[in-house]
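Letter by letter, the chains look like this.
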Amino acid sequence: MKNEYAIQAIDLTKKFGDFTAVDAISFDVEKGEIFGFLGANGAGKTTAIKMLIGLSKPSSGQATIAGYDVYSQTELIKEHIGYMSQKFSLYEDLTVLQNIRFYGGVYGLSRKRIKEKSAEIIERLNLEANARKVVADLPLGWKQRLAFAVASVHDPAIIFLDEPTGGVDPATRRQFWEMIYETASRGVTIFVTTHYMDEAEYCDRISIMVDGKIEALGKPGALKSQFEASHMEEVFLKLARG
Amino acid sequence: MLKTFIAFVKKEMYHILRDVRTLLILFGMPIALVLIFGYTVTNEFKGASVGIVDQAQDDLSRQLITKLTASGHFELVRKPHNIEALEADFRAGDVKLGIIIPPDFEKYFLGGEGSTIQLISDATEPNYAVTLTNYASQMIRDFQQEQFPTEQMPYAVAIENRMFYNPELVGAYNFIPGVVALILMLISAMMTSLTIAREKESGTMDLLLVSPLNPVLIILGKVTPYVVLSFINALVVFAMGWLIFDVPVRGSLALLLALCLLYLMVALALGILISTRSDSQQTAMMMSMFVLLMPTMLLSGFIFPIASMPAILQFISKIIPAKYFILIEKAIMLKGAGWEAIAIPAGVLLLMMFVLLAAARKNFKVVYD
Amino acid sequence: MKPSIQINQIGKTYGDVMALSDINLEVETGELFGLIGPDGAGKTTLFRILTSLLKPNAGEAWVEGLHTVKDYKKIRRIIGYMPGKFSLYQDLSVAENLTFFATIFGTTIQENYHLIKEIYQQLEPFKNRRAGKLSGGMKQKLALCCALIHEPKVLFLDEPTTGVDAVSRAEFWQMLKRLRERGITIMVSTPYMDEASLCERIALIQGGKILSVDAPEAITNSYQKPLYAVRTADYYRLLNDLRDTDFAERVAPFGEFLHLTTREKMPEQEIKDFLLSRGHSDIRLQPAKPTIEDVFLDLMQTT
């Protein structure tokens, strides 16, 4: 089956006993799209992401990630996605190069490929002078970009970003988003969760989850006019308060 | 003031009761330690295989053999005719201790010229070998005395030894005091340092500091529950020692408990001192292991006798609180000693307590630099 | 009248690392004052100095006329502090936490219930739940209750809204507004620039230095450079194309639009023509009202 979508979910559901954490959500994400996945704490975002990255089996419904089935092909899914969380998953006591090599090894890249990738990442992030510094000594913004580069070291088709930009200064945050744009412009799909409503507006399309359901889905501009709001924040508050 | 203190203790009890890990360490560990040491690590033995080369074959030698085997500690498995045959039994592993009774044993022995009995042991298990030979030689000395009950013995040492001698060779006499010392140190010092480090780690210590609470009250509130629990633990271990392993308390129980309390205070002061030096539970744990657990186990005389340590370690053992506490415990429990006999080690512990408390107070930061 | 918080030339270094340098601030009694800056700007260090937990290397500070080093014991009676990390006992229930903090300040929940009533009512249904099991927003509310229970004169809230969803954040700011009406001085820090407008006055802080102090509108009004909001069908290419021009001083993504600061005021048509010449479609261009983030980016660039 040829699949033109990077992510396709149909009635995806997760139940824990009587509690329905994710209630029949359906959405598509196109290749190269930046898709924002929003929701209040406890709305079911984390559970949904876990199903999409193959860490948790859905109770019912269907989903394909990069064309692979979330029930039967979770190993293939993991090979074709990158994941970066708030905590960065970098080893603070290893150097920049060691971190890149380690993750290259984890994803089974050849030694030659790891070497190429290391050089490429270091050049792209302007880290030449700091390649042999331990990560702990880098400023937060650089760590963040390095974590992103490391999450995509195996050239995944989709990158999942779980609240990637907490607490950095406005300039660093923008540099990070520019990196996301640049990656998306190369056809990589970006799936991102965030608490920053202004960041939601950087996305091509966003979905807002409330109590396990997707209550709004569309381009930021369209959602704002649909809910007669001047900011995404207003849309969000209107939805979450019901 | 009192209300605040009670609220604090109550809060601390909630922490303890709601954390399975803490509960296990508090109540599971003492019992487990007593049972493990009691049943596996003791130097008690029964039915050790013995080979005896009886070159005398006279009445006296037969009496000696009967005495040795009647205790149940030794089992006569081989009676080789000569030393070469005994060696073969050793190699085969059939025999752990060899006893060689010389020819004309009775004649020389009764003639008062003395006779030499050779003990040969399997030194591949050195501790066991030492235990076996010590025990056998003691029995032989006893035998000697039985033979000459009225006469002045040339073995003054053996008689003097008897006071300290543990006739049934019960390991529990040695390990119960050691386990109490270890448990009190671990629980009061390690748990205190962990619980204070936990407040630092979670940031709640800052909230407590930014309140009108006196830091002394913060510390007191945190450690009081552990003092009580450790004390209960000590009682449990003493009771287990008495009920399961027949370890008596020959001296005053009140004195023993009073000194337990003193030792506890030393341990607590150490725990607080460690916590002032660690910002996370992990550091506190590592430091507790290094500063408390290892020295208490290895250098206090609990497991290895201090007298056989190299000079440097003997010197270090002098600053290990558990060493003094074990001395005190043994004196009171086994010798039935009174206050005068333990004054010196008790004084050392008291001094340690003051020094450590002062250091802990000095290091406890109310304002960070 | 004396200010509620006075900070004179405060500086703090950790070893070789400068955390704060020459900070001067005054906060009036009953003011809702915001300290706006990213992680590592020095916000927490300043809070710890003002709450008397940390000694500064240089300068002095007073809270309600009390010296933060000399009078630290007195300060600790009159302030409420909510640290950045959730710092309550996770294994105690909501009610147990609150009771405990009331008791250590020598008061009771009943005595000061009026102060926390509105907030606590939302927590009441969960009062037997362990604090560790609360949602982010609920945790913040409980932490605020605990910081308020002894009726402090000055409230220090270090990043109370970080990691909390937008709904809870909005509610939290509502609560702060109501507290301000009671005359409590509130100093609050946040990395979210959009929260700046909710404060009466703010200080922008970055790299241990204060960039600017004023009312939020005054700060945004101080931005005198020509600013446009632009978007076209291809956002990322637009960003790169504008960066290449001579007329752009700064191009920064701002939600759906890019904010373009030009070196000199220029007709909109001129910019549109340039974009058309680069093959952009769906061009939308309009003058933009500067936000705190525009000012922040500008100040970061110039300092």
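Predicted model only: the values in this text are computed from it and were never measured. (Residues numbered from 1 in each chain as written. Chains lettered and ligands numbered in written order. Predicted model: local features only at pLDDT ≥ 70, side-chain atom pairs only at ≥ 80, totals over all residues. Heavy atoms only, no water.)

A.B. asks: Talk me through the overall build of chain B; I want residue IDs and the actual numbers.
C.D. replies: Tallying secondary structure elements over chain B gives 15 helices and four strands in all. The buried share of chain B, taken over its 369 residues, is 50%. When the accessible surface of chain B is split by element, carbon and sulfur atoms take 64% of a total near 17800 Å². (Helix = DSSP H or I, 4+ residues; strand = E, 2+ residues; numbered from the N terminus. Buried < 20%, exposed > 50% of the residue type's maximum accessible area, 1.4 Å probe, protein only. Areas by Shrake-Rupley, 256 points an atom, 1.4 Å probe, with all protein chains shown as cover.)

A.B. asks: Outline the side chain of S300(B), listing residues and values.
C.D. replies: Residue and element names in this part refer to chain B. With respect to the helices, strands and loops of the structure, S300 is situated in the loop between α12 (281–298) and α13 (311–317). At a separation of 2.6 Å, a polar atom in the side chain of S300 contacts the main-chain carbonyl oxygen of T296. When near neighbours in sequence (up to four residues on either side) are disregarded, S300 contacts P295, I306, I320, A322, K323 and I326. (Polar contact = N/O pair within 3.5 Å; in protein donor to acceptor, adjacent residues only side chain to side chain. Contact = heavy atoms within 4.5 Å.)

A.B. asks: Residues and numbers for a nonpolar patch on the surface, please.
C.D. replies: All names here are of chain B. A cluster of nonpolar side chains, contributed by I31, L35, Y39, V228, I232, V236, W242, L243 and I244, occupies part of the molecular surface with about 850 Å² of accessible area. Locating I244 in the fold gives a position in helix α10 (residues 215–245). Judged by its relative accessible area of 38%, I244 is partly exposed. (Patch = residues over 30% accessible without salt bridge, like charges linked within 9 Å, V, L, I, M, F, W, Y side chains within 5 Å. Salt bridge = Lys/Arg side-chain N within 4 Å of Asp/Glu carboxyl O.)

A.B. asks: Residue-level account of the sheet that holds strand β7 (residues 158–162) of chain A, with values.
C.D. replies: Residue and element names in this part refer to chain A. In spatial order, the strands read β6-β7-β8-β3-β9-β10; together these six strands make up an open sheet with mixed pairing. Of all strands in the sheet, those with a lone pairing partner are β6 (81–85) and β10 (213–218), marking the two edges. With strand direction ignored, the average angle separating the axes of adjacent strands in the sheet is 15 degrees. Where helix α5 (residues 140–151) meets the sheet, it contacts β6, β7 and β8 (189–193), and its direction lies at approximately 155 degrees from that of β6. Against the sheet, helix α9 (residues 232–241) makes contact with β3 (34–39), β9 (205–210) and β10, and its axis sits at roughly 30 degrees relative to β9, the strand it touches most. (Pairing = 2+ DSSP bridges. Axes fitted to C-alpha atoms, helices over the stretch in contact; angles between N-to-C directions.)

A.B. asks: Before we move on, can you summarise the pairing of strand β11 (residues 227–231) of chain C with the specific residues and values?
C.D. replies: All names here are of chain C. Of all five residues making up β11, four are buried, and the element is well covered by its neighbours. Taken together, the four bridges between β11 and strand β13 (residues 257–262) define a ladder with antiparallel strand orientation. Directly across from Y228, in β13, lies its bridge partner L260. Inspection of the sheet shows β11 paired to strand β14 (residues 284–287) by four bridges, in the antiparallel sense. Across the sheet, the residue bridging to V230 is L285, located in β14.

A.B. asks: Tell me about the nonpolar core, and name the residues and values.
C.D. replies: Residues L144(C), F156(C), M187(C) and L204(C) are the most contacted members of the largest nonpolar core, which totals 174 residues. Considering each element in turn, this core owes the most residues, 18 residues, to helix α8 (residues 172–202) of chain B. Excluding its chain neighbours within four sequence positions, the residues that come into contact with M187(C) are I5(C), L25(C), F33(C), L35(C), L46(C), F47(C), L50(C), L155(C), F156(C) and L157(C). (Core = buried A, V, L, I, M, F, W, Y, C linked by side-chain atoms within 4.5 Å.)

A.B. asks: Could you give an account of the sheet that holds strand β2 (residues 19–30) of chain A, naming the residues involved and the relevant values?
C.D. replies: All names here are of chain A. Overall, antiparallel pairing links the four strands, which are arranged β2-β1-β4-β5 in an open sheet. Every interior strand has two partners, whereas the edge strands, β2 and β5 (68–69), have only one. By the bridge criterion, two bridges tie strand β4 (residues 60–65) to β5 in an arrangement that is antiparallel. Looking at β5, one finds that I65 is bridged to Y68. Sitting on the sheet, helix α1 (residues 45–52) is in contact with β1 (5–16), β2 and β4, with an inclination near 120 degrees to β1.

A.B. asks: Outline the packing of aromatic side chains, listing residues and values.
C.D. replies: Going through the model one piece at a time under the given rule, you end up with 22 aromatic pairs over all chains. Ring geometry for F35(A) and F191(A): centres 5.7 Å apart, planes at 25 degrees, overall stacked. Separated by 156 residues along the polypeptide, F35(A) in strand β3 and F191(A) in strand β8 bring together distant segments of the chain. For the pair shown, F35(A) and F191(A) are each scored as buried. Between Y181(A) and Y235(C), the ring centres sit 4.9 Å apart and the planes meet at 45 degrees, which makes this aromatic pair tilted. Residue Y181(A) is located in helix α6 (residues 170–185), and its partner Y235(C) is located in helix α8 (residues 235–243); the two belong to separate chains. Neither Y181(A) nor Y235(C) differs from the other in exposure class; each is buried. Three or more aromatic residues joined by ring pairs form one cluster here, namely F27(A), F35(A), F37(A), F160(A) and F191(A). Seen from the ring of F254(C), R174(A) lies directly overhead, with NZ or CZ sitting 4.1 Å from the centre. Sitting over the face of the ring of Y324(B), K323(B) holds its NZ or CZ atom 5.6 Å from the ring centroid. (Phe/Tyr/Trp six-rings, centres within 6.5 Å; stacked < 30°, edge-to-face > 60°. Lys NZ or Arg CZ within 6 Å of the ring centre and 35° of its normal.)

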